[in-house]
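These are the residues of each chain, in order.
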Amino acid sequence: MEEFPDGLQFRMESPVGPRMRIDGREVSYFSGTSYHTLHSHPVVIGAAIKALQAFGLGSGTHAAIAVYEEAEAAVCAHFRCEKAISVASGYLSMMTLLYALRDDYDMIFADERCHFSVKDALICSQKPVAFFRHRDPDDLSDQMTRHLGAGQVPNVVTDGVFSSTGALAPLDRYAHLLKSYSTGVLCVDDSHGVGVLGATGRGTLEHFGVEGENAYCAGTLSKAFGGFGGIIPASKALAKKIATAGAIAGASFVPIPAAAGAAAGLHLFMNDPTILQALRENVEQMRKGLRILGLSVPDTPVPIFTIQADVDLKRVNKALRDANIIVKYIKAGGYADAPPVETLRVAVFSNHSHGQIDELVSVLARHL
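Each chain carries its own residue numbering, running from 1 in the written order of its sequence. For this predicted model, a pLDDT threshold of at least 70 governs which residues receive local features, and a threshold of 80 or more governs which side-chain atom pairs are given and counted, while totals over whole chains, interfaces and linings are taken from all residues. Note that the side-chain values use all heavy atoms of the structure and ignore hydrogens as well as water.

Draft legend 1. Geometry of the pattern of salt bridges. In the sections that follow, a salt bridge refers to a side-chain nitrogen of Lys or Arg positioned within 4 Å of a carboxyl oxygen of Asp or Glu. In total, this model carries 14 salt bridges according to the counting rule given. When the shortest N-O distance is used, the salt bridge between D322 and K318 registers 3.0 Å. With D322 and K318 both in helix α11 (residues 313-322) and four residues apart, the pair spans about one turn of that helix. Throughout, exposure labels follow a simple rule: accessible area from a 1.4 Å probe, protein chains only, divided by the maximum for the residue type, with under 20% read as buried, over 50% as exposed, and the rest as partly exposed. Take D322: its relative accessible area is 48%, and that puts it in the partly exposed class. Assessed through its relative accessible area of 42%, K318 is described here as partly exposed. Beyond isolated ion pairs, a larger network of salt bridges with shared partners links E284, R287, K288, R291 and D299. Numbered from the N terminus, helices here are DSSP runs of H or I no shorter than four residues, and strands are runs of E no shorter than two.

In C-alpha cells form, the structure reads like this:
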C-alpha cells in the first residue's frame, strides 16, 4: 500500500505491470522499480511456484540445492564473473562488499546523497569516511588530497543510478581520478543500473566502460530482473574474502521461490535483447515528450524521469491519478537523494505502450 500526498492510499490488486488494477481501477502504472515488469511474467511466476512445490519456502539452513546453484549460474553468465554472492536483500549488498574488502583500502570517500543502505554500510565498514558533494569529481579530488596520507588507498563509494532522480554518477571521471592511486577501489551500489544500463545490461560500470579489477558492483535481483535478493558479482578471490569475513555466514538465503524466479527472470532478459531495446525506445519517447513541455531532461538511458515545476505538483499528481495514471510524488528532501523541492518521479518500463507514454505527456501538458 502506498500513500499519496493528500493522505490517501492505493491498494494494488494485480501483479505489477504497465497496466494494472489499483483500488478497483485499471491504471497506467509509471511508478516503482520493476523496469521490465518481470515480477509478473508467467515464466517467472511458474518457476517460483515449481520451486515452492518442490522445496518449500526456505531451506532452514545453508543447504546447497539446485535452485540456488541455478540462480548463481545465471548471475555469473550475465555478469561474466566467476562467482555470484547472494544476500538476503539488496540493502545488504554494499554492506557485505565493503566489509569483505576492508583490508584493501584505508579510507572511504562517499557521495553525500548516497542511498540509506550505502550510509548504513559505511558505518559497518569500520573505516574513516569523508563525503564529497553530490556527483562532483572536483570535490572528490579535493577530499582525497585533503584526507589521504602517503601510501593510503582510497575507496570511492557511490550509487550508480540515484533512485529518486535517476541521476548518473560520473563513474568514468571517478575511475580517472583513481588512476593516481594504483590500488584505488571503486564500489558502486548499482541496484537501479543492473538490467537497465550498459550494452548488455550489466549496469553502470558497463555503461561507462570502467569494469575492471578494482571496480565492484553491489546489486539486486529485486528490480529489473524480477526476483528478490542482493547480489555481488565476484571473482573467486573476492568470494573467498566475503566467506572469510563472515559477513553473511549467519544469514539465511533468499526464499527458494524468489531465487528460482530470479533465475528465470535473468534467463528471459539475457535471451531476449528486445527487452532492453524496447526500454531504450520508451525512454527516448518519454524524453522527447517531456522536452516538448519545456522540461529539462538529461541525455541518459536511465528510465527514471523527475519533474519539478513552478506549480503545485500535488495537484498535478492528483490530476494524473484522476486520469488513471500513477506516478510517484516525492516531497522536498523526502528520500535519500530527493531534491530540495517537491518532485514527480516517473518510471518507464520496457513494456509501456507508446500510447501510454503519449497519454501521460498529454495530461502533464494540461496541468503543468
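Anyway, onward from the coordinates.
Draft legend 2. Examining a nonpolar patch on the surface more closely. Each patch is assembled from residues with relative accessible area greater than 30% and no salt bridge, linking like charges that lie within 9 Å and nonpolar side chains (Val, Leu, Ile, Met, Phe, Trp, Tyr) that lie within 5 Å. Under the convention used here, a 1.4 Å probe and the Shrake-Rupley method define accessible areas, while residue burial counts only the protein chains that appear. Taken together, the side chains of Y91, L92, F116 and Y335 define a hydrophobic patch exposed on the protein surface, amounting to about 340 Å² of accessible area. Relative to the helices and strands, Y335 is located in the loop between β14 (328-330) and β15 (343-347).

Draft legend 3. Highlighting helix α5 (residues 137-147). Among the residues of α5, those classed as buried are P137, D139, L140, Q143 and M144. For α5, the arc enclosing every buried residue in end-on projection is 155°, short of the 170-degree limit, so these residues lie on one face. The outward face of α5, more than 90 degrees from its buried face, is lined by the exposed residues T145 and R146. Here a residue-residue contact requires only that any non-hydrogen atoms of the pair lie within 4.5 Å. At its buried positions, α5 is contacted by β6 (107-111), β7 (129-132), β8 (154-159) and α6 (171-178). Definition of a polar contact: a pair of N or O atoms within 3.5 Å, with one able to donate and the other able to accept a hydrogen when the atoms are protein atoms, and with sequence-neighbouring residues admitted only if both atoms are side-chain atoms. For α5, the N-terminal capping position is held by D136, with its side-chain oxygen 3.0 Å away from the main-chain nitrogen of D138. Taken from the helix axis, the directions to the C-beta atoms give the arc we talk about.

Draft legend 4. View of the confidence of the model for the protein. pLDDT is defined as a per-residue confidence score from the predictor, taking values between 0 and 100. Considering every residue of the protein, the mean pLDDT works out to 93; 96% of them sit at 70 or more. This stretch, residues 1-8, has a pLDDT under 50; its non-local contacts, to residues over four places away or in other chains, come to 20 contacts.

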